[in-house]
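One letter stands for each residue in the lines below.
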Amino acid sequence: MPRLQGGWIRMLPGGMPMMGGFGRIANRCPNPAIIIKASSPAFADTSLHETRIVDGISRMRAVAILRIAPGGVANLAPGGLHLMLMQPTTRLRAGSRVTVQFQLQDGRELVHRDLAEPLVGVGRVGHVGMELARESLIEITQLTPFDPIYVRLRSERATLTIA
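Residues numbered from 1 in each chain as written. Predicted model: local features only at pLDDT ≥ 70, side-chain atom pairs only at ≥ 80, totals over all residues. Heavy atoms only, no water.

### Let's talk about the pairing of strand β10 (residues 109-112)
- Along β10, the buried face is formed by L110 and H112; none of E109 and V111, which line the opposite face, is buried.
- Pairing between strand β9 (residues 100-104) and β10: four bridges, direction antiparallel. Among the inter-strand pairings, Q101 is bridged to a residue of β10, identified as V111.
- Counted along the chain from β9 to the antiparallel partner β10, the turn is four residues long, and its residue G107 has a positive phi close to 100 degrees. (Buried < 20%, exposed > 50% of the residue type's maximum accessible area, 1.4 Å probe, protein only. Helix = DSSP H or I, 4+ residues; strand = E, 2+ residues; numbered from the N terminus. Pairing = 2+ DSSP bridges.)

In structure tokens form, the structure reads like this:
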């Protein structure tokens, strides 16, 4: 049976109604694994998408069928193949657990129960600059080792986002 490894969800700021799901689907079967549908009770709409650069422009399109060769791997990553997760049905927070199902063409279903592990570090920092309160909340996000680091600093007086 194929298996999703290292699954996580990119949680967008401000309660955006869409998120991206990422991970690695390994097919350890002797036959191809053909994924024909993705779904999740945590989202009104779940589908596979792919982002590609075409003529210098980033374009996203739905992927109707994902074929993974025997012993092969499909990498779901920012800027490439990914899950498009639309309209969350519940409020998700850093560390939330989400179930995602992948329907295979042969009728089998791959269920992954811990996809939502957003890479968001949250911690307390002391005095940071003269314009901020003594106790501020800092969030640091790096989606993959190749992506930029986003830093968001919140206090009673200001919110600062650095990308």
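### Looking at the pattern of salt bridges
- Counting across every chain of the model gives three salt bridges.
- E50 is paired through a salt bridge with R61; the nearest N and O atoms lie 2.9 Å apart. Pair noted here: E50 is in strand β4 (residues 43-54) and R61 is in strand β5 (residues 57-62), with a separation of eleven residues, a long-range link.
- Between R108 and D106 there is a salt bridge, and its shortest N-O distance comes to 2.8 Å.
- The class of R108 is partly exposed, set by a relative accessible area of 29%.
- When salt bridges that share partners are traced, they join E50, R52 and R61 into one network. (Salt bridge = Lys/Arg side-chain N within 4 Å of Asp/Glu carboxyl O.)

### Some thoughts on unusual backbone geometry
- In this structure, D55 is a non-glycine residue whose phi angle is positive, near 55 degrees.
- Within the element layout of this structure, D55 appears in the loop between β4 and β5.
- In this model, Q87 sits at a positive phi of 55 degrees, which is unusual for a non-glycine residue.
- Relative to the helices and strands, Q87 resides in strand β8 (residues 81-88).
- A relative accessible area of 47% places Q87 in the partly exposed class.

### Here's the deal with a nonpolar patch on the surface
- A contiguous nonpolar patch, built from L12, M16 and M18 and spanning about 210 Å² of accessible area, is present on the exposed surface.
- Within the secondary structure layout, M16 lies in the loop between β1 (3-10) and β2 (18-26).
- Classification of M16 as partly exposed rests on a relative accessible area of 36%. (Patch = residues over 30% accessible without salt bridge, like charges linked within 9 Å, V, L, I, M, F, W, Y side chains within 5 Å. Areas by Shrake-Rupley, 256 points an atom, 1.4 Å probe, with all protein chains shown as cover.)

### Regarding the side chain of Q101
- Residue placement: Q101 occurs in strand β9.
- Residues in contact with Q101, not counting those within four places in the same chain, are K37, A38, S39, S40, P41, E109, L110 and V111. (Contact = heavy atoms within 4.5 Å.)

### Things to note about the confidence of the model for the protein
- In the predicted model, the protein carries a mean pLDDT of 76, and the fraction of residues at 70 or more is 67%.
- Throughout residues 118-136 the model reports pLDDT below 50, and contacts reaching past four residues in sequence, or to other chains, amount to 46 contacts. (pLDDT = per-residue confidence, 0-100.)

### Re the pairing of β5
- Sheet analysis places β4 next to β5, joined by six bridges and oriented antiparallel. Opposite I53, over in β5, you have S58 as the bridge partner.
- In this antiparallel pair of consecutive strands, β4 and β5, the connection spans two residues, and D55 shows a positive phi of 55 degrees.

### Quick notes on the nonpolar core
- The biggest cluster of nonpolar side chains holds 24 residues, and the ones touching the most others in it are I25, I35, F43, L83 and F102.
- Taken together, the elements giving at least two residues each to this core come down to β1, β2, β3 (33-39), β4, β6 (66-68), β7 (73-76), β8 and β9.
- The residues touching F102, leaving out its near neighbours within four places in the chain, are L4, I25, I35, K37, A38, L83, R108, E109 and L110. (Core = buried A, V, L, I, M, F, W, Y, C linked by side-chain atoms within 4.5 Å.)

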